[in-house]
Amino acid sequence: MKRSVWLFAVFVLMGCGMFVVQRGRGDIRGRARKAFITYQQLKAEGWPETVYLFGQNPLSDAGIALGRKLFYDESLSADGKVSCGSCHNSYTAFAHVDHKLSHGVYDREGRRNAPALFNLAWSQSFMWDGAITTLDNQSLSPIASHTEMDLSLPAFLERVQRDTTYQTMYRHAFPGEPMSLPRLMQAIAQFELTFISQESRYDSMRRHQIAFTPQEQKGYELYKLYCADCHKEPLFRSDAFESNGLFPNIQFPDWGRVEITRNPKDSGLFRVPSLRNVEVTYPYMHDGRFATLSQVLKHYSLRTLKIQGVYQPKPIVLSSNDRVDLLAFLLTLTDRQFVQVKELQDPRGFQK
Ligand code: HEC
Ligand code: HEC
């Protein structure tokens, strides 16, 4: 009798312990679990190790939901009209199409093209010049930026703290913790870490589910010959800073990486962006100077580029037929599922 009472007490205590662990981890049945499984799968398929430190910010459904609401909330900007989602649209792989340079509060024009957002867990640095080195801090920059959302960080925190919906969501995401800016930023990062693009035609080819057409295959060979040293498979990007031979933009001078390192060698270098989803992320380059992919391919033709400071032995030569083939290959990098995932869209069910 005594023993069973004792056992019963142990079970109750264990139950409480599990409950605490479960709450601490948050709910991971839905989006968080799906993302977790996808990351595992990609690793098994030979994708590189992720860079993001998930241990410091484990994904939970409640954290992702909070991040999603913050991402689409225009009231967190100076004029109440601009959210992250205004410049990063899910239907275009989170790029801002038709805008060369970004547009923020009061229609203020930024100086760079808003990049697409996906597969961010593999990035060592962020922004065209690598100014930011962790995803967790990245959001501070657009919120406080004069040309983006232009809200002081204390004002941002206060607006979120006042809102009862946020209070409840925060309690689920980070139980028992007072609301803090770093945690809110981490919630946005959690949402962004569910932007995983890995279901393009190229991915199906890699998984031997389909075969490329002869034209796509020719384009793939050209890509491997001329583009792959910078835009590396399977992410089609890299953390290196390079020049792809763009003539400096006189109207909006931007010297890229040198602004961060102050090393003259880095003048005119920009981080190599991903070619995934380029079909939908126009315009192209840090200043959005090219409206179409055929302009981009013309730019590359007959060009000798340096990679990590070393001139390549041969120039890139692309005949007009080659350009058609290469374009066919680039279109295999579009992930039609990714741009339609409901859970990545504005939770209010409409988009500006
Ligand atoms: C006014 C338009 C605008 C708004 C609003 C905006 N962004 Fe951006 N975003 C940009 C531009 C432009 C860049 C590139 C900046 C640079 O390179 O200096 C960028 C870069 C980024 C990057 C880096 C991507 C990479 O691969 O380097 C992330 C992540 C990001 N934004 C997330 C956000 C989040 C989260 C918010 C809301 C808190 C937000 N953005 C609000 C325009 C915007
Ligand atoms: C020397 C490294 C290098 C090589 C080789 C290279 N690129 Fe790039 N690419 C870059 C860099 C750096 C950028 C960003 C430049 C900027 O915005 O200033 C870029 C940008 C792009 C963009 C625009 C992406 C966007 O989101 O705006 C496309 C498309 C592109 N490259 C395609 C190609 C193709 C196709 C090839 C092969 C024919 C190629 N690149 C070869 C370094 C390279």
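Participant: When you look at the overall build of the protein chain in this model, what are you seeing that I'm missing?
Facilitator: Per the secondary structure count, the protein chain includes 14 helices and four strands. Compactness check: the protein chain gives a C-alpha radius of gyration of 23 Å against a globular reference of 20 Å for 352 residues, within 12% of the reference. Contacts in the protein chain between residues at least 24 apart in sequence constitute 72% of all its contacts with a sequence separation of at least 6.

Participant: What am I meant to see in the nonpolar core here?
Facilitator: Buried together is how nonpolar side chains tend to be arranged in soluble globular proteins. Counting residues in each nonpolar core, the largest one holds 67 residues, and the members touching the most others are Leu66, Phe118 and Ile188. Split by domain, the residues of this core number at least three in each of domain 1 (27–196) and domain 2 (201–331). Every residue in contact with Phe118, bar those within four places of it in the chain, is listed here: Ala93, Phe94, Phe195, Ile196, Ser197, Arg276 and Phe338.

Participant: Explain the domain arrangement of the protein chain to me, please; I cannot follow it from the model alone.
Facilitator: Accessible area lost upon the coming together of the parts is a frequently used measure of interface size. Assigned domains within the protein chain: domain 1 (27–196) and domain 2 (201–331). Each of domain 1 and domain 2 has a C-alpha centre, and these two points are 26 Å apart. The interface is formed by 23 residues belonging to domain 1 together with 25 residues belonging to domain 2. Counted by class, the side of domain 1 that touches domain 2 contains eleven nonpolar, eight polar and four charged residues.

Participant: Honestly, the packing of helix H11 (residues 214–226) against helix H14 (residues 320–331) in this entry has me stumped. Any pointers?
Facilitator: Working note: a packed helix pair is described by the angle between its axes plus the distance between those axes. Contact geometry of H11 with H14 gives a least axis separation of 7 Å together with a crossing angle of 95°. In terms of orientation, H11 lies roughly perpendicular with respect to H14. Contacts between H11 and H14 pair Gln215, Glu216, Lys218, Gly219, Tyr220, Leu222 and Tyr223 from the former with Asp322, Asp325, Leu326, Leu327, Ala328 and Phe329 from the latter. Taken together, the residues of the contact of H11 with H14 sort by class into seven nonpolar, two polar and four charged.

Participant: It is not clear to me how helix H8 (residues 164–173) should be interpreted in this structure. Could you clarify?
Facilitator: Since the α-helix advances by 3.6 residues per turn, residues separated by three or four positions end up pointing in the same direction. For H8, the complete set of buried residues consists of Tyr166, Met169, Tyr170 and Ala173. Considered in projection along H8, the buried side chains sweep an arc of 105° and stay on one side of the axis. Pointing more than 90 degrees away from the buried face of H8 are the exposed residues Thr164, Gln167 and Thr168. In this structure, the buried side of H8 is in contact with helix H3 (61–71), helix H7 (153–162) and helix H9 (181–192).

Participant: Would you mind showing me how to read the site of ligand 1 here?
Facilitator: Not every one of the 26 residues close to ligand 1 is listed here, only the nearest: Cys84, Cys87, Gly104, Met127 and Pro142. Of all the elements in the fold, those that place two or more residues in the shell around ligand 1 are helix H4 (84–87) and helix H6 (140–144). Broken down by element, the shell around ligand 1 gets its largest block of residues, three residues, from H4. Looking at the shell around ligand 1 residue by residue, the class counts come to 15 nonpolar, nine polar and two charged.

Participant: Could you clarify how one ought to interpret the environment of Ala116 in this entry?
Facilitator: As for its placement among the helices and strands, Ala116 is situated in the loop between H4 and helix H5 (135–138). Residues Ala116 and Tyr284, 168 residues apart in the sequence, show an inter-C-alpha distance of 10 Å. Among residues more than four places away in sequence, those in contact with Ala116 are Ala93, Phe94, Ala95, Ser274, Asn277 and Thr281.

Participant: Sorry, what's going on with the confidence of the model for the protein chain here?
Facilitator: When pLDDT drops low, the exact placement of atoms in the prediction is not to be read closely. On average, residues of the protein chain score 90 in pLDDT, and 91% of them reach the 70 mark or higher. Below pLDDT 50 for its whole length, residues 10–25 participates in four contacts with residues either more than four positions away or in separate chains.

Participant: When you look at the packing of helix H13 (residues 293–300) against H14 in this model, what are you seeing that I'm missing?
Facilitator: The contact between H13 and H14 brings their axes to 10 Å, and the two run at 125°. Classed by the angle they form, the pair H13 and H14 counts as oblique. Between H13 and H14 lies a crossing whose hand is right-handed. Note on element contacts: H14 touches H13 through Arg323, Leu326, Leu327 and Leu330, opposite Leu293, Ser294 and Leu297. Here the contact of H13 with H14 is composed, by residue class, of five nonpolar, one polar and one charged.

Participant: Looking at this structure, I do not really get the environment of Phe247. What am I missing?
Facilitator: Mapping Phe247 onto the fold places it in the loop between strand S1 (241–242) and helix H12 (258–261). Residue classification places Phe247 among the exposed residues on the basis of 8 C-beta atoms within 10 Å.

Participant: How should the environment of Cys87 be read in this particular structure?
Facilitator: Its place among the elements puts Cys87 in helix H4. Along the primary structure Cys87 and Pro115 are separated by 28 residues, whereas in three dimensions their C-alpha atoms are 8.9 Å apart. Beyond its immediate sequence surroundings of up to four residues, Cys87 is in contact with His96, Ser102 and Ala114.

Participant: What exactly am I supposed to notice about unusual backbone geometry here?
Facilitator: The phi torsion of most residues other than glycine is negative, and most of the peptide bonds are trans. Of note, the bond from Glu233 into Pro234 is cis; its omega dihedral lies within 30 degrees of zero at -5°. Tracing the chain through its elements places Pro234 in the loop between H11 and S1. Phi is positive for Tyr106, close to 50°, though the residue is something other than glycine. Of note, Tyr106 is situated in the loop between H4 and H5. Accessibility expressed as a C-beta count within 10 Å gives 13 for Tyr106, which makes it partly exposed. Even without being a glycine, Gln308 presents a positive backbone phi close to 50°.

Reading the values: rules and limits
- Residues numbered from 1 in each chain as written.
- Chains lettered and ligands numbered in written order.
- Predicted model: local features only at pLDDT ≥ 70, side-chain atom pairs only at ≥ 80, totals over all residues.
- Helix = DSSP H or I, 4+ residues; strand = E, 2+ residues; numbered from the N terminus.
- Rg over C-alpha atoms; globule rule 2.2 N^0.38 Å.
- Contact = placed C-beta atoms within 7 Å.
- Core = buried A, V, L, I, M, F, W, Y, C linked by C-beta atoms within 7 Å.
- Buried ≥ 20, exposed ≤ 12 C-beta atoms within 10 Å, placed from the backbone.
- Domains from an automatic or database assignment.
- Nonpolar A, V, L, I, M, F, W, Y, C, P; charged D, E, K, R; others polar.
- Axes fitted to C-alpha atoms, helices over the stretch in contact; angles between N-to-C directions.
- Parallel < 35°, antiparallel > 145°, perpendicular 65-115°, else oblique.
- Arc of directions from axis to C-beta.
- Near = placed C-beta within 6 Å.
- pLDDT = per-residue confidence, 0-100.
- Left-handed = near helix turned anticlockwise from the far one by under 90°.

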